[in-house]
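Per-entry structural report
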Amino acid sequence: MKQTKIWASALAGALLATMMSTSALASTPNDAPSLGGDGSDRPSLGGDGPEASAPSSSGSETAAADDPKPKVAKGDGTTSTTYAAKPEAVKSIKLDDAQVNIVGASWKGDDPELEIRHRDGGGWSSWQALPAEDGDGPDPQSAEDAQIKQTQGQSVAVPVVDSSQVEVRSAGSNQDTSDLTITKVATSVSGQDSALAKKSGSAVDPAQGLSPQVYQKELKANIVTRKEWGADEKLVRCETDKTTTSKGVFLHHTAGSNSYTKAQAPGIIRGYLAYHTQNRGWCDLGYNFLVDKYGTIYEGRAGSIDLAVTGAHASGFNSYTIGISVLGTYTSSAPSTAAQNSVKRIIAWKANQYGFNPTGKMTLTSGGGSTSRYPEGKKVSLNVVSGHRDTSYTECPGTSYYAKLGSIRSGAKSLQSTLGGHPVKGAIGTYYRAHSSKTGPATSVEKSLKNPNGAYQYFQNGTVYWSSPTGAHLNGGGIRTAYKAVGFEKGSLGFPTSDEKAFKYRKGAVYQNFTSGMIAWSSATKGQPLSHGMLTEWKKLGWERSKLGLPTSGEYAKSGKTRQDFEHGYMTYKKVEGVKVYVK
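The notes below deal with the structure included here. (Residues numbered from 1 in each chain as written. Predicted model: local features only at pLDDT ≥ 70, side-chain atom pairs only at ≥ 80, totals over all residues. Heavy atoms only, no water.)

For the rest of this paragraph, the subject is the state of the cysteines. Taken as a whole and assessed by the stated rule, the structure comprises one disulfide. Across a sulfur-sulfur distance of 1.8 Å, Cys238 and Cys283 are joined as a disulfide pair. The disulfide joining Cys238 to Cys283 has a torsion of about -100° about its S-S bond and is therefore left-handed. Highlighted residues: Cys238 in the loop between helix 4 (226–229) and strand 13 (248–253) and Cys283 in the loop between helix 5 (265–279) and strand 14 (289–291), separated in sequence by 45 residues. (Disulfide = S-S within 2.5 Å. Helix = DSSP H or I, 4+ residues; strand = E, 2+ residues; numbered from the N terminus.)

A few words now on the pattern of salt bridges. One pass over the structure, following the stated rule, counts 14 salt bridges. Residues Arg280 and Asp136 are paired through a salt bridge, measuring 3.9 Å at the closest nitrogen-oxygen approach. Of the two residues, Arg280 is situated in the loop between helix 5 and strand 14 and Asp136 in the loop between strand 6 (128–130) and helix 2 (143–146); the sequence distance between them amounts to 144 residues. When sorted by exposure, Arg280 lands in the same class as Asp136, which is buried. Glu395 serves as the salt-bridge partner of Arg389, at 3.4 Å between the closest nitrogen and oxygen. Residue Arg389 is classed as buried on the basis of its relative accessible area, which comes to 17%. Salt bridges linked by common partners bring Arg226, Glu233 and Asp284 together as one network. (Salt bridge = Lys/Arg side-chain N within 4 Å of Asp/Glu carboxyl O. Buried < 20%, exposed > 50% of the residue type's maximum accessible area, 1.4 Å probe, protein only.)

Time to look at the sheet that holds strand 16 (residues 321–326). Pairing in this open sheet of five strands is mixed, and the strands run 15-14-16-13-19 from one edge to the other. Since the sheet does not close on itself, it has two edges, and those belong to strand 15 (297–299) and strand 19 (385–387), each with one partner. This sheet shows a mean twist of 25° between the axes of neighbouring strands, independent of strand direction. As defined by bridge partners, strand 14 adjoins strand 15 across three bridges and the pair is classed as antiparallel. Note that in strand 15 the partner of Phe289 across the bridge is Glu299. The sheet contacts of helix 6 (residues 337–354) involve strand 13, strand 14, strand 15, strand 16 and strand 19, and relative to strand 14 the element is tilted by about 155°. Of the strands in this sheet, strand 13 and strand 19 are in contact with helix 8 (residues 405–415), which crosses strand 19 at around 155°. (Pairing = 2+ DSSP bridges. Axes fitted to C-alpha atoms, helices over the stretch in contact; angles between N-to-C directions. Contact = heavy atoms within 4.5 Å.)

Our focus in this paragraph is the pairing of strand 26 (residues 517–521). Within strand 26, four of the five residues are buried, which leaves the element mostly enclosed by the surrounding structure. In this sheet, strand 26 lies alongside strand 25 (residues 510–514) in antiparallel orientation, the contact comprising five bridges. Among the inter-strand pairings, Phe514 is bridged to a residue of strand 26, identified as Gly517. Counting the residues in the hairpin turn of strand 25 and strand 26 gives two residues. Two strands pair when backbone bridges link them, and strand 26 and strand 27 (residues 528–530) are joined in this way by three bridges, in the antiparallel orientation.

To continue, consider the packing of aromatic side chains. Aromatic ring pairs: the centre-centre distance and the angle between the two ring planes describe each pair. The full count for this structure, using the stated rule, is 17 aromatic pairs. When the ring of Tyr432 is compared with that of Phe459, the centres are 5.5 Å apart and the planes differ by 25°; the resulting orientation is stacked. Here Phe459 lies in strand 21 (residues 454–459) and Tyr432 lies in helix 9 (residues 426–439), a separation of 27 residues in the sequence. Both residues of the pair, Tyr432 and Phe459, count as buried. Members of the aromatic cluster, connected to one another through ring pairs, are Tyr456, Tyr458, Tyr465, Tyr483, Phe488, Phe495 and Phe514. Stacked on the ring of Tyr260, the Lys or Arg Lys293 has its end atom at 5.0 Å from the ring centre. (Phe/Tyr/Trp six-rings, centres within 6.5 Å; stacked < 30°, edge-to-face > 60°. Lys NZ or Arg CZ within 6 Å of the ring centre and 35° of its normal.)

By themselves, these observations are geometric and do not establish any function.
Next up, the structure:
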């Protein structure tokens with residue numbers, strides 16, 4: 001079957017370059033019958049005869065004969081309808097030209113070598129290949145792959161916009177193909193989509209573009225979040241794998257229409273979320289990020305903004321890589337300058353974050369799979385910024401886009417110095433990926449410490465310290481002010497041994513443990529260190545519930561003794577007396 005896959009993928013080079021473009025219409029007049037103007041004698045199945053099966057959890061259902069009425073998924077109005085088809089016949093499906101549609105196919109047996117065309121106001125487009133899936137999907141043997149029950153062959157899925165009808169047929173003959181079905185995922189352009197289209201997707205200042213909560217300071221650009229593009233989170237099937245870092249990037253195109261409007265782009269992405277999860281069985285949307293032809297950057301698979309999330313964009317090579325896909329087909333023409341600039345910006349930002357070189361090389365171990373160019377276990381040296389075709393039997397990201405990869409690599413490298421993002425590696429990196437909502441982004445590189453040995457790295461909300469005995473912990477706020485006063489890790493307390501914690505019986509009061517003591521903080525008392533005998537005695541008295549209350553000072557010398565003040569008294573220490581407690 002591999003030769004069939006190669007042939008089908010080669011067709012993707014010609015696929016859809018003109019597929020959804022009105023300039024390519026003309027194979028048949030506006031009133032052409034479903035047999036088309038190609039001389040085919042294959043009968044049309046018309047718009048009826050959908051496959052009989054149960055509705056999916058996405059709200060999709062099999063359409064009733066003659067009058068498909070799919071259920072509407074709650075949230076974003078996305079619907080999915082599956083139609084039975086026969087390889088020897090043309091399958092005709094009616095579309096609502098006001099909606100954005102994603103069309104794909106599945107089957108059992110041999111690849112039927114499908115072709116597709118659409119009809120819009122200019123008439124019928126020419127027939128174009130709808131090839132077998134081209135190497136996207138989870139890594140073989142991964143947890144995500146294990147939960148997929150789909151065993152059929154799959155085509156790529158392509159967007160169709162501004163069209164009233166689509167037809168699918170088999171280009172091959174004597175195919176050993178059964179259970180051929182065509183799936184249409186439709187979504188309407190919402191008011192939110194239209195409002196989003198009026199805002200700049202690549203502004204470098206929140207006041208110029210989207211709302212401040214989606215402005216990514218390190219990237220210095222806006223990211224349209226899943227919430228803003230209307231992701232239905234109920235469609236997410238399972239938790240996505242994560243890794244400790246990313247080594248590089250794979251670039252993709254989605255194929256399909258290049259003639260979409262800015263307001264239609266979110267609908268295309270919603271369609272892919274539904275198709276990837278409900279038809280392909282993936283955990284979530286396959287790509288980590290998407291970019292439209294206007295340069296708008298979209299969050300793809302959940303968590304990809306802050307974490308090294310494993311996608312389903314390059315089967316066998318998803319782990320430790322980032323998948324970025326540009327909406328459209330780029331076989332005969334490259335993506336717009338705006339789209340290329342946004343891709344460069346994402347690469348530069350992630351290169352800073354994970355410490356890879358956009359113009360360098362990476363070594364990955366193949367997870368194998370039937371669509372991979374490399375067998376399972378083989379170590380492969382690749383460009384850090386690679387195209388999907390470098391590891392799979394596919395033309396993706398399109399010949400013209402692939403030719404731009406050299407300038408994209410160099411452009412991303414030159415952008416690194418102007419963007420934020422710092423590599424977060426090792427134990428501190430592991431801590432960051434588990435607690436990024438607390439730390440915020442890194443604001444420096446990791447720095448080593450000696451006597452005592454360890455490391456630290458600055459983040460937006462504090463400093464993460466690490467040593468082998470204590471692990472990694474965030475130190476920030478008022479406790480950090482007190483930690484500075486005692487000399488950080490070289491002072492009397494040593495490294496943090498816990499994160500900041502709330503006192504159970506004192507509202508608004510917090511503490512942090514250290515190798516040789518702790519710091520207690522409240523807005524009334526500020527941050528105060530406790531250690532040795534004073535700390536031991538305070539613990540015996542009941543911590544924050546003790547008759548002394550919280551400390552209001554650190555230790556200091558007075559009248560030949562060491563003293564520490566509390567809200568309701570004080571303690572003293574002298575070697576011959578030990579610790580004594582005085583309550584007001």
